[in-house]
Amino acid sequence: MRAGQLYERWSGLLLLCSLTLWAAPVLADVETDNTGVKNTGVKNVQVTKAYLRLPPPGSPVAAVFLHLRNTGAKPHQLIGARSKLAGKMEVHTHEHVDGMMRMRPVAQLQVPAYSEVELKPGGHHLMVFGLRGELKAGGVFPMTLLFAGDREVEVEAEIKRL
Ligand SMILES: [Cu+2]
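Cut-offs applied
Residues numbered from 1 in each chain as written. Predicted model: local features only at pLDDT ≥ 70, side-chain atom pairs only at ≥ 80, totals over all residues. Core = buried A, V, L, I, M, F, W, Y, C linked by C-beta atoms within 7 Å. Buried ≥ 20, exposed ≤ 12 C-beta atoms within 10 Å, placed from the backbone. Helix = DSSP H or I, 4+ residues; strand = E, 2+ residues; numbered from the N terminus. Contact = placed C-beta atoms within 7 Å. pLDDT = per-residue confidence, 0-100. Pairing = 2+ DSSP bridges.

Attention shifts here to the nonpolar core. In this structure, V47, V64, L66, M143, L145 and A157 are the most contacted members of the largest nonpolar core, which totals 27 residues. Looking at this core, the elements with two or more residues in it are β2 (45–53), β3 (62–70), β4 (76–82), β5 (88–97), β9 (125–129), β10 (140–147) and β11 (151–160). Every residue in contact with V64, bar those within four places of it in the chain, is listed here: A50, L52, H125, L126, V128, M143 and A157.

As structure tokens, this is what we get:
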């Protein structure tokens, strides 16, 4: 092999490495998927499958479900959410009390390192109070997830009729 060829191979490899190094932090900071997630503050947390279950017409209350994946070595805590289309949002869980399923607010939801947490019907969810505006199935519910440490993730939850 000529020295020139060797050099070309190495420079190609170096270029690839530097591109990877350059791209990696950007990917870690901004995670996007088809629900329109814009993550500008929480490294290594991916939000997917976010949807708002369309409530009956006139209801001021709804629930939002989503998946949180922590690909990093540090735990994160979801502490709340807000939306311009809601008066208030809370992190809720379901629990059995005297044989009844009840919801209650939780101060924070742990997303441990290297793990995935599902907010799903019958479990954790985001409760939406004081819904504003006209929500339509197939539309989008814009919201901001709040994480401990003043970190925020903007999410566009799909509005689904179920
Ligand atoms: Cu609830």
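Time to look at the confidence of the model for the protein chain. Per-residue confidence for the protein chain averages 82 on the pLDDT scale, and 75% of its residues sit at or above 70. Throughout residues 6–34 the model reports pLDDT below 50, and contacts reaching past four residues in sequence, or to other chains, amount to 16 contacts.

By the bridge criterion, four bridges tie β4 to β10 in an arrangement that is antiparallel. Each residue of the ladder has a partner; that of R82, found in β10, is T144. Sheet analysis places β10 next to β11, joined by eight bridges and oriented antiparallel. Residue pairing in the sheet places M143 in a bridge with V155 of β11. Connecting the antiparallel pair β10 and β11 is a turn made up of three residues, with G149 showing a positive phi of about 85°.

This part covers the environment of V42. Tracing the backbone through its elements, the reader meets V42 in the loop between β1 (38–39) and β2. For V42, a count of 25 C-beta atoms within 10 Å puts it in the buried group. Note: C-alpha distance between V42 and G149 (107 residues apart in sequence) is 9.3 Å. Setting aside its immediate chain neighbours within four residues, V42 contacts H76, F147, R151 and V153.

Moving on, we come to the pairing of β2. Looking at chain direction, β2 and β3 are connected through seven bridges and run antiparallel. Bridge assignment links T48 to a residue of β3, and that residue is H67. Bridge count for β2 against β11 is three bridges, and the pairing is parallel. Bridge pairing in β11 places Y51 opposite E158.

Here the focus is unusual backbone geometry. Although it is not a glycine, D98 adopts a positive phi angle of roughly 50°. Turning to its location among the elements, D98 is positioned in the loop between β5 and β6 (100–105). The class for D98 is exposed, based on 5 C-beta atoms found within 10 Å. The phi angle at D150 is positive, at roughly 60°, despite the residue not being glycine. For D150, the location among the structural elements is in the loop between β10 and β11.

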